[in-house]
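Descriptive structure summary
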Amino acid sequence: MPGPTATRVPRLFDRSTWPEARRIADILRKETIGGALLLAAALTALIWANSPWAQTYQDLRAIEAGPAALHLNLDLATWAADGLLAVFFFVAGLELKREFVAGDLRDLRRAVVPVAAAAGGVVVPALVYLAVAGGTAAKGWAIPTATDIAFALAVLAVIGRSLPDALRTFLLTLAVVDDLIAIVIIATFYTSHLSVLPLLAAVVPLAVFALLVRRGVRAWWLLLPPAFACWALVHASGVHATVAGVLLALTVPVLSRTPPGGAEGPGPAEHFERRIRPLSAGVAVPVFAFFSAGVGLGGLAGALSDPVAMGIVAGLLIGKPVGILAATWLVARFTRATLDEGLAWIDMIGLAILAGIGFTVSLLIGELAFGESDPRFKIAVLAGSLAAALLATVILRLRARVYRRIHQSEIADSDHDGIPDLYQQP
């Protein structure tokens, strides 16, 4: 008589498939390099803005460029925020769509943890901010809700080279999801005026772009004109122009059209992601950081004692980790899932605190809420992100020996076939 069938205990951070693990590793390498460039750009801006030549930095930000006839005679700081960050959100949109259509997150059991954690990491920091700041400062509630993946991965590159792949993947997916939540928040709550005609007109170049990519067109000189026209019309409508990046990304097919008998290649979404991610991580985000992070630190103590700054710091340092941990624990509670072998809740605490590094999107929302010239939110985002990075460093370094042991098991390849043994086990 056959024995009872063993029931596999669900895991919160189970390992991904080998193709997905390779793809995520490639993304993480590019984002880590981008994070280093971001930090260098932000540091350069801070030093310049606090030097005897601070006015030249402000003059550089104010230089205008672009065709005035199209109402695109914008200063360089606006081009960075509205234009370059549209590239960042285009890549984020491609990544999220691919994950849910063809990646591991098409499995609901895998998707529920990072999606729930991202939602908790948006709601709780907003509530913490409102509790601390409140009043007339309520319009800044969304500032501490976004995780800066490039900044966070740059920190991991220094302190957590051996961090298990499951935790890195979780952090990447959480950051992508809450970036997309952030773009919905920007479009919904930070649109001061709305011109319907340009917004409706944007549908035409968007449809042209969608038709081209679905017909297999990959030539940039054919795709760029409708993409730029869509961006310009969304910008003219009053909706933040970065929304155009996400809309364009969602039109790109994920699966490739493989001819009969032909070898299957990367789908359009993966192709564009590979081509554009270096531009996003290496140029768009660092340039935005350079034009946004330059703030005078002369009144640092006074700025940090302001309710707005206190609310942002509390949202990043307290609200973000509490929201992520609470959502993850609730998923584990209701699904009876356990952490993967070798991991403990202290790892989740360190990772949740690391997710409190809010930089790129937090600065963008701060500019929309309070204006570019208000130093309070910039100082608070910088201070909160730095504090989150330092605290996460202490916690994750305590587990360095455990991470090294897990990492060695993840890369072991006894038969030298290029696929780690762990991914060949049932």
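Right above here is the structure, for reference.
Residues numbered from 1 in each chain as written. Predicted model: local features only at pLDDT ≥ 70, side-chain atom pairs only at ≥ 80, totals over all residues. Heavy atoms only, no water.

Concerning the packing of aromatic side chains
Quick reminder of the rule: Only centres within 6.5 Å qualify two rings of Phe, Tyr or Trp (six-membered ring in Trp) as a pair; their planes then separate them into stacked at under 30 degrees, edge-to-face at over 60, and tilted for everything else. Helix and strand definitions here come from DSSP, where helices need a minimum of 4 consecutive H or I residues and strands a minimum of 2 consecutive E residues; each element is numbered from the N-terminal end. Partly exposed residues are those whose accessible area sits between 20% and 50% of the maximum for their type, while under 20% is buried and over 50% is exposed, using a 1.4 Å probe and protein chains only. In this scheme, the term charge over a ring applies when either NZ of a lysine or CZ of an arginine sits within 6 Å of the ring centre and within 35 degrees of the ring normal.
Scanning the entire structure with this criterion turns up 10 aromatic pairs. Ring geometry for Trp48 against Phe290: centres 5.9 Å apart, planes inclined by 50°, an arrangement best described as tilted. One end of the pair, Trp48, is in helix α1 (residues 18-49); the other, Phe290, is in helix α11 (residues 268-293), and 242 residues separate them in sequence. Look at Trp48 and you get partly exposed, because its relative accessible area is 26%. Relative to Trp231, the ring of Trp79 lies with its centre 5.5 Å away and its plane at 15°, an arrangement referred to as stacked. Here Trp231 lies in helix α9 (residues 220-237) and Trp79 lies in helix α3 (residues 76-101), a separation of 152 residues in the sequence. In this structure, Arg376 packs its charged tip against the face of Phe370, placed 5.2 Å from the ring centre.

Some thoughts on the nonpolar core
General note: in soluble globular proteins, nonpolar side chains tend to be found buried as a group. Keep this limit in mind: Definition of nonpolar core: a set of buried residues of the types Ala, Val, Leu, Ile, Met, Phe, Trp, Tyr and Cys, connected through side-chain atoms within 4.5 Å. Here a residue-residue contact requires only that any non-hydrogen atoms of the pair lie within 4.5 Å.
Counting residues in each nonpolar core, the largest one holds 124 residues, and the members touching the most others are Phe90, Leu171, Ile312, Leu354 and Phe359. In terms of residues, this core owes the most to one element, helix α6 (residues 165-189), which gives 13 residues. If near-sequence neighbours (up to four positions away) are discounted, Ile312 is found in contact with Tyr129, Ile143, Pro144, Phe377, Ala380 and Val381.

Structural notes on the side chain of Thr251
Note the cut-off: As used in this structure description, the phrase polar contact means that two N or O atoms lie within 3.5 Å; if the pair is within protein, one of them must be able to donate a hydrogen and the other to accept it, and residues adjacent in sequence are counted only when both atoms belong to side chains.
Residue placement: Thr251 occurs in the loop between α10 (242-250) and α11. Here the side chain of Thr251 touches Leu248 through a polar contact of 2.7 Å, landing on its backbone oxygen. Leave out the neighbours within four places in its chain, and Thr251 touches Lys97, Leu206, Phe209, Ala210, Val213 and Arg214.

What about the packing of α6 against helix α15 (residues 360-370)?
Let me state the cut-off plainly: All axes here are fitted lines through C-alpha atoms, helices being fitted over the stretch that makes contact, and every angle between N-to-C directions spans 0 to 180 degrees. Roughly parallel means an angle under 35 degrees; roughly antiparallel means over 145; roughly perpendicular covers 65 to 115; every other angle is labelled oblique.
Close contact between α6 and α15 brings their axes to 11 Å; oriented N to C, the two are set at 10°. Classed by the angle they form, the pair α6 and α15 counts as roughly parallel. Residue-level inspection shows Asp179, Ala182 and Ile186 of α6 in contact with α15, the latter providing Val361, Leu364, Ile365 and Leu368.

A short note on empty space enclosed by the protein
What counts, and what does not: Cavities and pockets are defined on a 1 Å grid built over the protein atoms alone: a cavity is a set of grid points where a 1.4 Å probe fits but cannot escape, while a pocket is an open set with protein on both sides within 12 Å along at least five of seven lines, and lining residues are those with an atom within 4 Å of any such point. Grid points are joined across faces, edges and corners, and a volume is the space filled by probe spheres set on the points.
Within this structure, the stated rule accounts for one cavity of 30 Å³ or more. For the largest cavity, the calculated volume is near 190 Å³. Where the lining of the largest cavity is concerned, the elements lending two or more residues are α1, α3, α5 (149-159), α6, α11 and α15.

Things to note about the environment of Ala244
Within the fold, Ala244 resides in helix α10. In this structure the C-alpha to C-alpha distance between Ala244 and Ala392, which are 148 residues apart in sequence, comes to 34 Å. For Ala244, the contacting residues outside a window of four places in its chain are Cys230, Trp231 and Val234.

A word on the layout of surface pockets
We count it as follows: By the convention adopted, Pro, Cys, Tyr, Trp, Phe, Met, Ile, Leu, Val and Ala count as nonpolar, Lys, Arg, Asp and Glu as charged, and the other residues, Gly among them, as polar.
Volume-wise, the second largest pocket comes out at about 740 Å³. If you go around the second largest pocket, you meet 24 residues; those closest to its centre are Val87, Leu224, Ala227, Ile276 and Leu279. Elements with a minimum of two residues in the lining of the second largest pocket: α3, α9, α10 and α11. For the lining of the second largest pocket, the element with the most residues is α11, which contributes seven residues. The residue makeup of the lining of the second largest pocket, split by class, is 19 nonpolar, three polar and two charged.

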